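Structural characterization, general
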Amino acid sequence: MPRDPKYDILFEPIQIGPKTMKNRFYQIPHCNGFGSEKPLNQAHFRAMKAEGGYAAVCTEYCSIHPESDDTHRVSARLWDDDDIKNLGLMCDMLHEHGALAAAELWYGGPHAPCMETRCVPRAPSQIPSDFEHLTYPKEMDKDDIREVQGFYVEAAKRAREAGFDIVYVYGSHSYLPQQFLTPYYNRRTDEYGGSLENRARFWRETIEQVKEAVGDDCAIAVRMSTDMFMGEAGTQLERDCLPFVELVDEIVDVWDINVSGISEWGEDATPSRFYESGRLLPWQKAVKGVSKKPVLGVGRFTSPDLMVEAINDGALDIIATCRPSISDPFLPKKIDEGRLDDIRECIGCNICISRWEIGGPPLICTQNATAGEEYRRGWHPEKFEKAANADNDVLIVGAGPAGMECARVLGERGMRRVHLVEGQDDMGGIMRWIPQFPGLGEWARVVNYRKIQIDKLKNVEFIPNTKLDAEGVKNYGAEIVIVATGGYWATDGLNGCTHDTIPGADASQAWCATPEQIMAEGKSTGDKVLIVDNDGYFTGVSLAEKLAEEGKQVTLMTHLGHIAPYMHFTLEAPNMHRKLHKLKVEIVTYQIPTEIKEGNVTSAHVYDEEHLTEWGVDSVVLVTQRRSNEALYRELKDSVGIDALVSEGITGFYRIGDCVAPRLVADCVFDGHRLAREIDSDNPEVPLPFKRERHVIEREAVLA
Ligand code: SF4
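Rules of the game
Residues numbered from 1 in each chain as written. Predicted model: local features only at pLDDT ≥ 70, side-chain atom pairs only at ≥ 80, totals over all residues. Heavy atoms only, no water. Pairing = 2+ DSSP bridges. Helix = DSSP H or I, 4+ residues; strand = E, 2+ residues; numbered from the N terminus. Axes fitted to C-alpha atoms, helices over the stretch in contact; angles between N-to-C directions. Buried < 20%, exposed > 50% of the residue type's maximum accessible area, 1.4 Å probe, protein only. Domains from an automatic or database assignment. Contact = heavy atoms within 4.5 Å. Buried area = accessible area lost by both parts, 1.4 Å probe. Salt bridge = Lys/Arg side-chain N within 4 Å of Asp/Glu carboxyl O. Near = heavy atom within 4 Å. 1 Å grid on protein atoms, 1.4 Å probe; cavity = no way out; pocket = protein on both sides within 12 Å on 5 of 7 lines; lining within 4 Å. Sits in = over half its atoms within 2 Å of the grid points. Nonpolar A, V, L, I, M, F, W, Y, C, P; charged D, E, K, R; others polar. Phe/Tyr/Trp six-rings, centres within 6.5 Å; stacked < 30°, edge-to-face > 60°. Lys NZ or Arg CZ within 6 Å of the ring centre and 35° of its normal. Points joined across faces, edges and corners; volume = space filled by probe spheres on them. Left-handed = near helix turned anticlockwise from the far one by under 90°.

One open sheet accounts for three strands, arranged 23-24-25; its pairing is antiparallel. The sheet terminates laterally at strand 23 (591-597) and strand 25 (608-616), the two strands that pair on one side only. Across the sheet, the mean angle from the axis of one strand to that of its neighbour is 25°, orientation sign disregarded. As defined by bridge partners, strand 24 (residues 600-605) adjoins strand 25 across six bridges and the pair is classed as antiparallel. For S603, the partnering residue across the bridge sits in strand 25 and is T613.

Here the phi dihedral of L134 falls at roughly 70°; this positive angle occurs in a residue that is not glycine. With respect to the secondary-structure elements, L134 resides in the loop between strand 7 (122-123) and strand 8 (138-139). Residue L134 is classed as exposed on the basis of its relative accessible area of 78%. A positive phi is found at R300, a non-glycine position, where the angle reads about 50°. Relative to the elements of secondary structure, R300 occurs in the loop between strand 12 (295-297) and helix 8 (304-312).

This brings us to the domain arrangement of the protein. By the assigned domains, the protein splits into domain 1 (5-358), domain 2 (393-486 + 629-677) and domain 3 (490-626). Spacing between the C-alpha centres of domain 1 and domain 2 amounts to 41 Å. In this assembly, 15 residues from domain 1 lie in contact with 15 residues from domain 2. Approximately 1300 Å² of surface area, both sides summed, lies buried where domain 1 meets domain 2, with 49% of it carried by carbon and sulfur atoms. Three residues stand out in domain 1 for area buried against domain 2, namely R273, R344 and I347, and they jointly supply 39% of the buried area on that side. The tally of links from domain 1 across to domain 2 stands at four salt bridges.

Of all residues adjacent to the ligand, which total 14 residues, the nearest are C346, C349, N350, C352 and C365. Most atoms of the ligand, that is more than half of them, are within 2 Å of grid points of the second largest cavity. Counting residues per element, the ones that place at least two in the shell around the ligand are helix 9 (323-327) and helix 11 (351-358). It is helix 9 that contributes the most residues to the shell around the ligand, three residues altogether. The residue makeup of the shell around the ligand, split by class, is eight nonpolar, five polar and one charged.

Before going further, it helps to spend a moment on the packing of aromatic side chains. In this description, a pair of aromatic rings is defined by centroid distance and the angle of the planes. One pass over the full model with this rule turns up 24 aromatic pairs. Taking the centre distance of 5.8 Å and the plane angle of 75° together, the rings of Y61 and W356 count as edge-to-face. Remark: W356 occurs in helix 11 and Y61 occurs in strand 4 (residues 56-63); sequence separation between them is 295 residues. Given the relative accessible area of 10%, W356 is considered buried. When the centroid spacing of 5.6 Å and the interplanar angle of 90° are considered together, the rings of W265 and W356 count as edge-to-face. Note that W265 is positioned in the loop between strand 11 (254-258) and helix 7 (281-290) and W356 in helix 11, a separation of 91 residues in sequence. Each residue in the set W433, F437, W443, Y537, F538, Y566 and F569 is aromatic and connected to the rest through ring pairs, giving one cluster. In this structure, R279 is placed above the aromatic ring of Y275, and the distance from its NZ or CZ to the ring centre is 4.0 Å. In this structure, K691 packs its charged tip against the face of Y375, placed 4.3 Å from the ring centre.

Another point: the pattern of salt bridges. Following the criterion strictly, the structure yields 65 salt bridges and no others. A salt bridge links R416 to D393, with the shortest nitrogen-to-oxygen separation between them at 2.8 Å. You can see R416 sitting in the loop between helix 12 (401-412) and strand 15 (417-421) and its partner D393 sitting in strand 14 (residues 393-397), a full 23 residues away along the chain. A residue is classified by how much of its surface remains accessible, and R416, at 44% relative accessible area, is partly exposed. What makes D393 buried here is its relative accessible area of 13%.

Time to look at the layout of surface pockets. Taken as a whole, the second largest pocket spans an internal volume of roughly 420 Å³. Lining the second largest pocket are 20 residues, with F131, S263, E357, H568 and F569 sitting closest to its centre. Breaking the lining of the second largest pocket down by element, the ones donating at least two residues are helix 17 (566-569) and helix 18 (573-582). Take the lining of the second largest pocket: its biggest share by element is three residues, from helix 18. Considering only residue class, the lining of the second largest pocket consists of eight nonpolar, six polar and six charged. Residues from two domains meet in the lining of the second largest pocket; each of domain 1 (5-358) and domain 3 (490-626) gives at least three.

With that settled, the discussion passes to empty space enclosed by the protein. A full pass over the atoms with the stated rule returns four cavities of 30 Å³ or more. Approximately 410 Å³ is the volume attributed to the largest cavity. Contributing to the lining of the largest cavity are 28 residues, with P29, H30, R223, W265 and C322 lying nearest its centre. For the lining of the largest cavity, the elements supplying multiple residues, two or more each, are helix 9 and helix 11. In terms of residue class, the lining of the largest cavity is made up of 18 nonpolar, five polar and five charged. Taken as a whole, the second largest cavity spans an internal volume of roughly 80 Å³. For the lining of the second largest cavity, the per-class residue count stands at seven nonpolar, five polar and one charged.

Helix 5 (residues 196-214) packs onto helix 3 (residues 142-162) with a crossing angle of 35° between their chain directions and a minimal axis gap of 9 Å. Viewed along their axes, helix 3 and helix 5 form a crossing whose handedness is right-handed. Here I145, R146, V148, Q149, Y152, V153, A156, K157 and R160 of helix 3 lie close against helix 5, whose contacting residues are F202, E205, T206, Q209, V210, A213 and V214. In the contact of helix 3 with helix 5, the residues fall into nine nonpolar, three polar and four charged.

Here it is, written out as structure tokens:
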């Protein structure tokens, strides 16, 4: 289908300094866990977005010197000639697709813990990081300032040599240039502190020096946070940012505008739970109002209508995306080809970001199982090979996230017939009720995208309202059987703290419930509710929010030191705490129930079991742990037996998703995708080895 003309403006070329973007789609700097030391993964990951139509693609934050070492997290690095070689491959592959390559030059100051290099980072003032605890910087004197500015210049030259077209002097997320600009970090009394002119001096001088070094060959980008939401001490739009833009606009080729500091950067990389797309537009528009240069910025844009509106409204010139480009690297191409219903929209869950926050592992994505797998598994998000055993029928029992994704990919791989059988009246599994939690409506995109795609695949049939038992599966007539029956919340309080059930816990009682009983079956609770959360992610806190909003008096009890600790990694924690605090939810940490009965819960401190507390409650909700719903699988394997299945013509028998082990939705989607990608391997049950990028030594040479 041709492109809708109303989106033409998105595909107009745009000039940034000495470079031209072929359209207005820009992949903003974002981490992927590959850095400079997994160059093949890095290059293939970024190149997929260029293939998908992005006109410019950036590295993640790219360290300019060993003093800016973020280990345990993984950044790119441009420290020496070997880094030039490694990141140069990314540039070459982007150029092959007609995209520009951008490098985000980064010096972290006190936020860089230097765990690998053991250097001491430098900063405007000697104040420890508000993000990376126990990291103290050295306060910079004038020689330090010249030296660090020299690091930027040398790194910019290396970026040019690698083939980058755009170099950033990156400040936002509270990194060094913005630390100088911001009183919260800058307590200096010399010409680099105090007045705006003084606080702006370091950043201005650095941009000038980088521009002089590479400005004829590379566009100069500046990424700035326009509000840290810290009141007087933090960077402010009117007081600091707009005057700074006017001060240096002449020497900047493109502005990359966002908000927040690093310690609450979920205000920038907004979880959909708290913010809609385009949240940053007012700040971006303010900068556009004073700058003569193109302005780009993120906003979790997945809708081309909102993109066009942002441009026509004078807020942005270039549509930058981070998470939507992970969820669907082919977003621009699909808009260009009029295939809007094929866009795999980001759900704003921030599972991708959680991997960076944890440090180390490659990113994953709830929506796009191929993200991070481009090189190491050779997966392409839009291309599928016909399966060698495509002349088989496949029966998938269960249409949750894993079953749906498996059916979609098997359909794409041309299996003769895929029968997706579900006991309920629609697809989705747990993702039918999870999006009904407060704020999680966008998570329904996991189901919606797959429903649309499955509907388009003529060889995939969805069969609702059909409960198959073992006999039914055995006699179904499919050669390949995949059990995807999901999981359920424990009804007896079994949990990962005591590794035991909780005496008296019993969700068959009217006063006791599991999450799905409340969300999927409508089980009601009394007015005074105690939620036992040993899970630590979104379910317990979401239930607390929902029940408190319904007017219940809620106590949220966890054996952990924090409620929902995984939400620190998804950047949801600060706003979740604020919300529960406002709703007057009582938060109880380091406590585990020792006995539950109608009207009362007894709990103990996890480190002091003799210290017991009594809680008078009407209802108890058990968010203790999940279990696999493996009854059908076990019956087929253990009672019917593999030999009997084979004699019925079933040559492949597998299980996927929560039915194997309960886990993140992203991991269930991956599991279904992985099995479908490898359904014609020698043993599809066992994942094929992936390519590992690592240094391999020759022992003889080392010992010689
Ligand atoms: Fe979007 Fe979630 Fe994928 Fe990140 S993990 S890109 S937030 S869908």
